[in-house]
Amino acid sequence: MILLCYLIMLAAPYLICGINSAIIVTRIKSGVDIRTLGSGGAGLTNVLRTQGKTAAVFVLFGDVLKGVASVIVVRLAFLYLADTNTADLSLGMNWIAYFAGIMACLGHVFPLYYGFKGGKGVLVTLAVLYAIDWVSASILLGIFITVVAATRYVSLGSVIAGACYPICVFTLSLMKNDVSAYPNLACSLVIAAILIFMHRGNIKRLINKTERKLGVSERFKKPDNEPDTE
């Protein structure tokens with residue numbers, strides 16, 4: 001049964017988070033693919049800019065729900081199929097949840113259902129972390145909000161919070177005497193690498209000072225020559 005649990009750890013978060021809220025909500029609201037609008041990104045920011053606040057709220061709810069559900073499903077699988085409480089820090093199995101976070105992020109970024117072209121995974125990753133350690137998640141959310149409030153660049157807040165992700169996870173794991181602190185760090189480094197990689201186009205635009213700021217409406221079709229990086 002333990003092998004089945006590991007298979008669930010690999011498959012369930014990926015498949016659950018492959019359900020893209022931004023694509024679904026935009027299709028229902030406007031009848032188009034969100035990836036053909038604005039920046040071309042299938043995420044919360046692009047929905048907010050092109051579809052408005054109400055649509056963005058539904059996307060927010062959907063992404064948070066699937067991120068939390070990914071961790072819960074994996075935790076329950078180990079608990080009921082292998083009689084192992086992965087949330088017990090003394091067992092050294094907490095890394096299972098962080099690994100589920102990797103698969104959740106990959107599912108959102110490279111969804112099987114949508115031609116492997118999804119969002120950037122920031123909100124889903126934060127939701128996953130809230131399901132694992134709300135303190136770490138709150139710290140990272142605070143960093144994100146502070147940076148965005150100061151600069152109005154969502155991408156900059158995402159990149160900085162992503163870079164802080166492994167540091168925060170590892171520090172809190174050590175403080176809580178989590179036996180799996182180092183595996184947690186390894187998993188969080190992978191997640192951070194994915195998040196930063198997915199923002200590579202934004203980083204280039206930030207350097208070139210051409211990145212769009214929060215609050216700029218983009219109710220137009222994405223130009224054919226604009227890279228699909230948001």
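Residues numbered from 1 in each chain as written. Predicted model: local features only at pLDDT ≥ 70, side-chain atom pairs only at ≥ 80, totals over all residues. Heavy atoms only, no water.

### Concerning the overall build of the chain
The helix and strand tally for the chain stands at 10 helices and 0 strands. Order of helices (α) and strands (β) in the chain, N terminus to C terminus: α-α-α-α-α-α-α-α-α-α. The C-alpha atoms of the chain give 18 Å as radius of gyration, which agrees with the globular expectation for 230 residues (17 Å, within 12%). For the C-alpha atoms alone, the extent of the chain along its principal axes is close to 50 × 35 × 30 Å. Pairs at least 24 residues apart make up 68% of the contacts formed inside the chain by residues separated by at least 6 positions. When the accessible surface of the chain is totalled, it reaches about 10700 Å², and 71% of it is carbon and sulfur. Within the chain, the 12 negative side-chain charges are centred at a point lying 10 Å from the centre of the 20 positive side-chain charges. (Helix = DSSP H or I, 4+ residues; strand = E, 2+ residues; numbered from the N terminus. Rg over C-alpha atoms; globule rule 2.2 N^0.38 Å. Contact = heavy atoms within 4.5 Å. Areas by Shrake-Rupley, 256 points an atom, 1.4 Å probe, with all protein chains shown as cover. Lys, Arg positive; Asp, Glu negative; His and termini not counted. Charge placed at Lys NZ, Arg CZ, Asp CG, Glu CD.)

### Details of the packing of helix H6 (residues 122-132) against helix H7 (residues 134-151)
In contact at an axis separation of 6 Å, H6 and H7 are set at 145° when each is read in the N-to-C sense. Listed contacts from H7 to Leu126, Leu129, Tyr130 and Ile132 of H6 are Trp134, Ser136, Ala137, Ser138, Leu140 and Leu141. Tallied by class, residues from the contact of H6 with H7 come to 8 nonpolar, 2 polar and no charged. (Axes fitted to C-alpha atoms, helices over the stretch in contact; angles between N-to-C directions. Nonpolar A, V, L, I, M, F, W, Y, C, P; charged D, E, K, R; others polar.)

### What about the confidence of the model for the chain?
Across the chain, the average pLDDT comes to 92, with 93% of residues at 70 or higher. Low pLDDT, under 50, characterises residues 218-230; the predicted model gives this stretch 42 contacts beyond four residues in sequence or across chains. (pLDDT = per-residue confidence, 0-100.)

### Observations concerning the pattern of salt bridges
The full count for this structure, using the stated rule, is 4 salt bridges. Close ionic contact of Asp33 with Arg35 constitutes a salt bridge, the shortest N to O distance being 2.8 Å. For Arg35, a relative accessible area of 13% gives the class buried. In this structure, Lys176 and Asp133 form a salt bridge, with 2.8 Å as the shortest nitrogen-oxygen distance. With Lys176 in the loop between helix H8 (154-175) and helix H9 (181-198) and Asp133 in the loop between H6 and H7, the pair connects residues that are 43 residues apart, well separated along the chain. (Salt bridge = Lys/Arg side-chain N within 4 Å of Asp/Glu carboxyl O. Buried < 20%, exposed > 50% of the residue type's maximum accessible area, 1.4 Å probe, protein only.)

### Here's the deal with unusual backbone geometry
The phi torsion at Asp83 lies on the positive side, around 55°, for a residue other than glycine. As for its placement among the helices and strands, Asp83 is situated in the loop between helix H4 (53-81) and helix H5 (95-109). Taking relative accessible area as the criterion, Asp83 reaches 70% and is therefore assigned exposed. Residue Phe116 is not a glycine yet carries a positive backbone phi of 60°.

### Quick notes on the nonpolar core
Residues Tyr98, Val128, Leu129, Ile132 and Tyr165 are the most contacted members of the largest nonpolar core, which totals 24 residues. Contributions of two or more residues to this core are made by H5, H6, H7, H8 and H9. At 6 residues, the largest contribution of residues to this core is made by H5. Ignoring sequence-local partners within four residues, the contact set of Ile132 consists of Val71, Arg75, Asn94, Ala97 and Tyr98. (Core = buried A, V, L, I, M, F, W, Y, C linked by side-chain atoms within 4.5 Å.)

### A word on the packing of aromatic side chains
Following the criterion strictly, the structure yields 5 aromatic pairs and no others. Taking the centre distance of 5.3 Å and the plane angle of 85° together, the rings of Tyr6 and Phe78 count as edge-to-face. Taken together, the residues span a long stretch of sequence, with Tyr6 in helix H1 (residues 2-17) and Phe78 in helix H4 at a distance of 72 residues. In textbook terms, an aromatic cluster arises when at least three aromatic residues are bridged by ring pairs, as seen for Tyr6, Phe78, Trp95 and Phe99. A cation over an aromatic ring shows up here: Arg200 above the ring of Phe197, its NZ or CZ 4.2 Å from the ring centre. (Phe/Tyr/Trp six-rings, centres within 6.5 Å; stacked < 30°, edge-to-face > 60°. Lys NZ or Arg CZ within 6 Å of the ring centre and 35° of its normal.)

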